[in-house]
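Architecture and fold: a report
Now for the letters of each chain:
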Amino acid sequence: MDDSEDLLSIGAFARRVGLAPSALRFYDDCGMLRPAQVDAVTGYRRYAAGQAARAVRLRRLREAGLPLVDAAVVLDGREDAARDVLRAHLERTRRTADAARAVVEGLLREAVGGSLSGRSWARARVGGAELASAVRQVAPAVATGASRKKYPPLGCVLLELVDGEVRLVATDRYRLAVRVLRPAEFEGGPRQVLIGAETARNLAEWAVRQVAVDVECADDCANDGVGVRLRGEADCREVMESAGRRQGGQAAEVFPDYRLMLEGLESGRHRVIVDRLALRDAVAGRARVVSLSTAAGDDAGGGAGGRSESVVSRETAPGPTAEQAGPMAEEQALEVSGGGREPVLLRMVRTGPGLRIAFDPAVLVPALEAGVGPDVVLESVSADRPVVVRSADQGSFTTLVMPVRETETKD
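Treat the numbers as computed from the prediction; the structure is a model and nothing was measured.

**Here's the deal with the sheet that holds strand 3 (residues 45-48)**
Pairing within the open sheet is antiparallel, and its 3 strands lie in the order 1-3-2. Lying at the two open borders of the sheet, with one neighbouring strand each, are strand 1 (7-9) and strand 2 (37-38).

Next up, the structure:
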């Protein structure tokens with residue numbers, strides 16, 4: 001009997017429950033929300049109307065910031081365990097909100113207005129807090145010291161208005177951070193402007209107090225030196241060409257082509273999903289080089305196409321040491337080792353074959369701290385190629401981190 005007529009396509013189900021199709025695919029991969037039917041030929045997913053309640057509850061849990069493992073406990077665990085997880089998360093969010101409130105109050109200051117006229121501008125309207133967050137996410141990837149002195153464009157944040165999007169990009173050649181904002185309004189373009197790192201941070205301090213910000217980039221026939229203007233509700237900020245350079249719609253000083261750097265890396269052969277803050281805590285404080293390994297015993301569950309489906313709760317992070325966990329846990333874990341500390345095991349979701357890869361903690365930790373959401377995805381083509389670090393279910397922020405030689409982990 002064919003029940004397909006009673007099922008919903010992934011698009012129709014996504015609209016019903018308020019989740020993007022990409023999020024539904026992700027939750028299928030993780031085993032959190034399997035489709036009722038998958039076409040054996042086309043691979044199309046179809047969902048039953050009765051799955052909507054679980055999908056909506058999962059969406060609400062993720063919107064509240066719960067990691068996957070905690071959401072799984074609430075959805076499928078014992079009632080007392082679910083209550084414990086929710087209480088712990090509530091306390092954690094209270095502490096986070098208090099810290100954020102203190103930061104915002106510290107950033108409030110008197111605004112200085114300004115006006116411009118007679119210019120041709122490309123314009124995009126974005127949320128002020130969203131723009132400030134984007135700057136803070138990419139700014140850690142800006143080059144400093146000798147690298148910045150040798151190649152000044154790397155000491156800047158690239159602001160780009162193109163294809164109906166606002167993009168902020170920074171790189172020091174060891175990592176690349178890209179944040180994409182989707183504006184409520186967009187006209188003109190394309191435009192590129194290089195903004196000095198300190199100037200960008202000051203703009204973020206101003207933008208966080210604005211409900212909405214009009215980002216306006218000038219054309220290349222200007223003679224008053226203003227390259228970009230941020231207009232708030234009652235005032236604006238202007239960036240002069242000494243900090244922001246543009247020419248012919250593009251940054252005058254040569255900024256690396258970030259699109260080429262990302263090309264071919266977004267669908268890596270190796271893919272690991274793990275609690276972002278648990279991984280950060282496991283890596284932080286290690287000296288020199290840290291090694292991440294999924295290879296030990298992992299391929300027993302399915303070879304090159306296998307998947308190990310476990311994730312870590314932040315309440316249990318950073319987890320047991322390798323000696324305490326035993327062989328079974330080792331088979332299902334991401335091992336973080338090296339750098340003068342005991343190995344730590346973090347339970348994970350993995351697709352593809354096992355991999356051992358090494359990083360400089362000083363590069364990896366800021367990438368994890370700048371991330372969005374409770375879970376992080378690490379995608380890699382091979383151990384000697386850049387690793388894509390991004391949110392598991394929020395695709396607007398991506399970081400590219402260069403690995404280091406595995407031999408450097410030897411003490």
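**Regarding the sheet that holds strand 14 (residues 290-293)**
Across the sheet, which stays open at both edges, the 4 strands sit in the order 17-16-14-19 with antiparallel pairing between neighbours. In this open sheet, the two strands that pair with only one neighbour each are strand 17 (341-347) and strand 19 (356-359). Strand after strand, the sheet turns through a mean of 20° between neighbouring axes, direction not considered. Looking at chain direction, strand 14 and strand 19 are connected through 4 bridges and run antiparallel. Following the sheet pairing, Leu292 is matched in strand 19 by Ile357. Relative to the sheet, helix 10 (residues 276-283) contacts strand 14, strand 16 (333-338) and strand 17, its axis offset from that of strand 17 by approximately 170°.

**With respect to the packing of aromatic side chains**
Across all of its chains, the model carries 2 aromatic pairs by this definition. Aromatic side chains Phe13 and Tyr47 sit 4.5 Å apart centroid to centroid with 5° between the ring planes, which places their arrangement in the stacked category. Remark: Tyr47 occurs in strand 3 and Phe13 occurs in helix 1 (residues 10-17); sequence separation between them is 34 residues. Accessibility expressed as a relative area gives 0% for Tyr47, which makes it buried.

**Some points on helix 12 (residues 361-369)**
One turn of an α-helix holds 3.6 residues; hence residues three or four places apart share an orientation. Most of helix 12 sits inside the fold, with 7 of its 9 residues counted as buried. Looking only at helix 12, the buried set comprises Pro361, Val363, Leu364, Val365, Pro366, Ala367 and Leu368. The N-cap of helix 12, judged by a side-chain oxygen 3.0 Å from the amide nitrogen of Ala362 a few residues on, is Asp360.

**Thoughts on the pairing of strand 6 (residues 165-171)**
As a general feature of sheets, a regular strand has side chains that alternate between the two faces. Taking burial as the measure, the 7 residues of strand 6 include 7 buried ones, the bulk of the element. Residues of strand 6 alternate between two faces, with Glu165, Arg167, Val169 and Thr171 on one and Val166, Leu168 and Ala170 on the opposite face, all of them buried. Where strand 5 (residues 156-162) and strand 6 come together, 5 bridges link them in antiparallel fashion. The residue bridging Leu159 from the neighbouring strand is Leu168, located in strand 6. Where strand 5 folds back onto strand 6 in an antiparallel hairpin, the turn is made up of 2 residues, including Asp163, whose phi is positive at roughly 55°. Across 6 bridges, the pairing between strand 6 and strand 7 (residues 175-181) is antiparallel. Paired with Ala170 across the two strands is Ala177, which belongs to strand 7.

**Some remarks on unusual backbone geometry**
Among all residues except glycine, the phi angle is most often negative; among peptide bonds, the trans geometry is most common. In this structure, Asp163 takes a positive phi of about 55° despite not being glycine. One non-glycine residue with positive phi stands out, namely Arg173, at about 75°. Along the chain, Arg173 turns up in the loop between strand 6 and strand 7.

**Thoughts on the environment of Phe26**
Checked against the element boundaries, Phe26 lands in helix 2 (residues 21-29). On the basis of relative accessibility, which here comes to 4%, the residue Phe26 falls in the buried class.

**Section: the side chain of Glu379**
For Glu379, the location among the structural elements is in strand 20 (residues 375-380). Assessed through its relative accessible area of 5%, Glu379 is described here as buried. Within the structure, Glu379 has its side chain in polar contact with the side chain of Arg271 (distance 3.4 Å). Within polar-contact distance, the side chain of Glu379 engages the side chain of Arg390 at 3.2 Å.

**A look at the confidence of the model for the chain**
In this model, the chain carries a mean pLDDT of 79, and residues with pLDDT of at least 70 account for 77%. Long-range and interchain partners of residues 242-252, a stretch whose pLDDT sits below 50, account for 38 contacts in this model, where long-range means more than four residues apart. Across residues 296-331 the pLDDT falls below 50, and counting only partners more than four positions away or on other chains, this stretch makes 83 contacts in the model.

**Digging into the pattern of salt bridges**
One pass over the full model with this rule turns up 28 salt bridges. A salt bridge links Glu216 to Arg229; the nearest nitrogen and oxygen atoms lie 2.3 Å apart. With Glu216 in strand 10 (residues 212-218) and Arg229 in strand 11 (residues 226-231), the pair connects residues that are 13 residues apart, well separated along the chain. There is no split in this pair, since Glu216 and Arg229 are both buried. The network of salt bridges with shared partners includes Glu160, Asp163, Glu165, Arg167, Arg182 and Arg259.

What counts and what doesn't
- Residues numbered from 1 in each chain as written.
- Predicted model: local features only at pLDDT ≥ 70, side-chain atom pairs only at ≥ 80, totals over all residues.
- Heavy atoms only, no water.
- Pairing = 2+ DSSP bridges.
- Helix = DSSP H or I, 4+ residues; strand = E, 2+ residues; numbered from the N terminus.
- Axes fitted to C-alpha atoms, helices over the stretch in contact; angles between N-to-C directions.
- Contact = heavy atoms within 4.5 Å.
- Phe/Tyr/Trp six-rings, centres within 6.5 Å; stacked < 30°, edge-to-face > 60°.
- Buried < 20%, exposed > 50% of the residue type's maximum accessible area, 1.4 Å probe, protein only.
- Polar contact = N/O pair within 3.5 Å; in protein donor to acceptor, adjacent residues only side chain to side chain.
- pLDDT = per-residue confidence, 0-100.
- Salt bridge = Lys/Arg side-chain N within 4 Å of Asp/Glu carboxyl O.

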